Amino acid sequence: MMKTVTCTAPVNIAVIKYWGKRDETLILPLNDSISFTLSQDEMCAKTTISISPTFKEDKFWLNGKEESLENPRIQNCLKEVRRRASKRKHESGVEGTLNWHIHICSKNNFPTAAGLASSAAGYACLVYALGQVYGIEGDLSSVARQGSGSACRSIYGGLVQWYKGEEDDGTDSVAQSIAPPEHFPDLRVVICVANDGRKKTGSTIGMRRTVLTSRLMQYRIQESVISRTAAMKKAIKEKDWSKFCDLTMADSNEMHAVCQDTSPPCVYMNDTSHTVAALIHQYNDVKTTSGNVNHKVCYTFDAGPNACLFVPGAVVGELLGLLMRAFPPSPTQNTDTYITGIPIQPTDLTRELKSLAEEDGQPTGKLKYLIHTKIGDGPRDLTGS
Ligand code: DP6
């Protein structure tokens, strides 16, 4: 006798960043955050869970390697799901499977811990799959949150808000969908991977240090992120793309400013990141001057050097062309391995854009590859399909 489920869950990218906790055990944030869930066609986590009365102990494999289940974050997720399942069993009177041991097998199809939101997809997938195994109904975001804060947003598709909540027990610190994936039609996402190795200072330690040492963080939490979140919600509701772009870049820059203001500083962006950011500002100046603000592009950086760009479909070919000029693939790399996802559509760059890429001489930094993807749905249960 055995029950098995297989599920996938998406990555999400925040446009209003979560940085700093008010409770480290329950993982309660100091501010609300807003994110886009990315399509699972290019990047996702996949988890298979089996439970059986014949299993002798709980076991866990991550990317093919057996890992300890002692990790308190995994334990907290397991405990909370089992608590909800036992309540349900009690209510329905149905004989449960709660005493059976569990085998969990998780993997990502993209680099782990590279600032590519792998823990968000991983924990969202684990919790969603546990929910399917034990037949739990209702919101799972507050369980996923206990694995990794940003994971709570990967429980839903499209645009998602994670409310910081007011309660000490975290019951109101949940994520909710605020708009479906097609809210900004034909929106593309381009991730400029400068480094997919493990990051130097993980987000958990980095944000703890910021909360303890940065005075600029007080300004962010008490003032600026509150008004920016309200402005962002308005821009999203009114589909004001130009405003959305400005707010997204401002929030990323503020997060990296508080990281820099931390002692010792947490430095995540590198030369390549700064070059990409400068290119995007120059590109937007051209679009603003020509009155085409709906073709603006914006960047955001998590705790790593990789830019995540939000790009209207109408200009994605042009933008990829610009990036390819600024960061040519190495001679051994062909375009197919340089850009994954939807293939580049070659378009004629305008004269202005050509001069942009050449303006400051050779840009510094290098890109390893680009991921071209879209906005997508929440987790899926693949069992039986
Ligand atoms: C920069 O969710 O990885 O990506 O809750 O400690 O696991 P923990 O941190 P994590 O932090 C993500 C930080 C960020 C911004 C964001 O996704 O909002």
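It should be emphasised that the depicted structure is a prediction, and the values quoted were computed from it without experimental measurement.

Chemist: I tried to follow the overall build of the protein chain on my own but got confused; where do I start?
Modeler: Along the backbone of the protein chain there are ten helices and 17 strands. Counting all 385 residues of the protein chain, 46% fall into the buried class. Counted over contacts in the protein chain with a minimum sequence separation of 6, partners at least 24 positions apart contribute 75%.

Chemist: How should the sheet that holds strand β8 (residues 65-67) be read in this particular structure?
Modeler: The strands making up a sheet associate through hydrogen bonds between their backbones, and the pairing can be parallel or antiparallel. Reading across from one edge, β8-β7-β9-β6-β1-β17 is the order of the six strands in this open sheet, with mixed pairing throughout. Only two strands of the sheet have a single partner each, and these edge strands are β8 and β17 (380-381). Bridge count for strand β6 (residues 44-52) against strand β9 (residues 101-108) is eight bridges, and the pairing is antiparallel. Across the sheet, residue Thr 48 finds its bridge partner in β9, namely Cys 105.

Chemist: Could you clarify how one ought to interpret the packing of helix α5 (residues 216-237) against helix α6 (residues 241-260) in this entry?
Modeler: For any two helices packed against each other, one specifies the crossing angle of their axes together with the interaxial distance. The geometry of α5 relative to α6 is characterised by a closest axis approach of 10 Å and an angle of 165 degrees between their N-to-C directions. In terms of axis orientation, α5 runs roughly antiparallel to α6. Where α5 crosses over α6, the two elements pack in a sense that is left-handed. On α6, the residues touching Leu 216, Met 217, Arg 220, Ser 224, Arg 228, Ala 231, Met 232, Ala 235 and Ile 236 of α5 are Lys 243, Phe 244, Leu 247, Ala 250, Asp 251, Glu 254, Ala 257 and Val 258. Residue composition of the contact of α5 with α6, by class: eleven nonpolar, one polar and five charged.

Chemist: What is the right way to look at α5 in this model?
Modeler: Since the α-helix packs 3.6 residues into each turn, any two residues three or four apart lie on the same face. Under the 1.5 Å per step criterion, the end-to-end length of α5 is 29 Å for 22 residues, consistent within 8% with the ideal 32 Å. Roughly 45 degrees is the biggest bend found in α5, and it falls at Ser 224. The complete set of buried residues in α5 reads Met 217, Arg 220, Ile 221, Val 225, Arg 228, Thr 229, Met 232, Ala 235 and Ile 236. Of the surrounding elements, those touching the buried residues of α5 are β2 (12-16), β5 (33-37), β10 (159-162), β11 (175-179), α4 (203-213) and α6. Backbone geometry just downstream of α5 places Lys 239 in the positive-phi region, at approximately 50 degrees.

Chemist: Is there a simple way to explain the sheet that holds β11 in this structure?
Modeler: Judged by pairing direction, the sheet is antiparallel, and its four strands sit side by side in the order β2-β5-β10-β11 without closing on themselves. Of all strands in the sheet, those with a lone pairing partner are β2 and β11, marking the two edges. The mean inter-strand angle of the sheet, taken between neighbouring strand axes irrespective of direction, is 35 degrees. Across four bridges, β5 lies against β10 in antiparallel orientation. When the bridges of β10 are listed, Ser 33 appears paired with Trp 162. Contacting β2, β5, β10 and β11, α5 crosses the sheet at an angle of about 110 degrees to β2.

Chemist: In this structure, what is going on with the nonpolar core? I would like to understand it.
Modeler: Within the largest apolar cluster, 100 residues are counted, with the highest numbers of intra-cluster contacts made by Ala 124, Val 127, Leu 130, Cys 192, Val 297, Tyr 299 and Leu 309. No other element matches the eleven residues that helix α2 (residues 118-133) contributes to this core. Tyr 299 has contacts with Met 249, Ser 252, Val 276, Ala 277, Ile 280, Ala 307, Cys 308 and Leu 309, leaving out every residue within four places of it along the chain.

Scoring rules and cut-offs
Residues numbered from 1 in each chain as written. Predicted model: local features only at pLDDT ≥ 70, side-chain atom pairs only at ≥ 80, totals over all residues. Helix = DSSP H or I, 4+ residues; strand = E, 2+ residues; numbered from the N terminus. Buried ≥ 20, exposed ≤ 12 C-beta atoms within 10 Å, placed from the backbone. Contact = placed C-beta atoms within 7 Å. Pairing = 2+ DSSP bridges. Axes fitted to C-alpha atoms, helices over the stretch in contact; angles between N-to-C directions. Parallel < 35°, antiparallel > 145°, perpendicular 65-115°, else oblique. Left-handed = near helix turned anticlockwise from the far one by under 90°. Nonpolar A, V, L, I, M, F, W, Y, C, P; charged D, E, K, R; others polar. Expected span 1.5 Å × (residues − 1). Bend = angle between axes of the 7 residues up to and from the residue. Core = buried A, V, L, I, M, F, W, Y, C linked by C-beta atoms within 7 Å.

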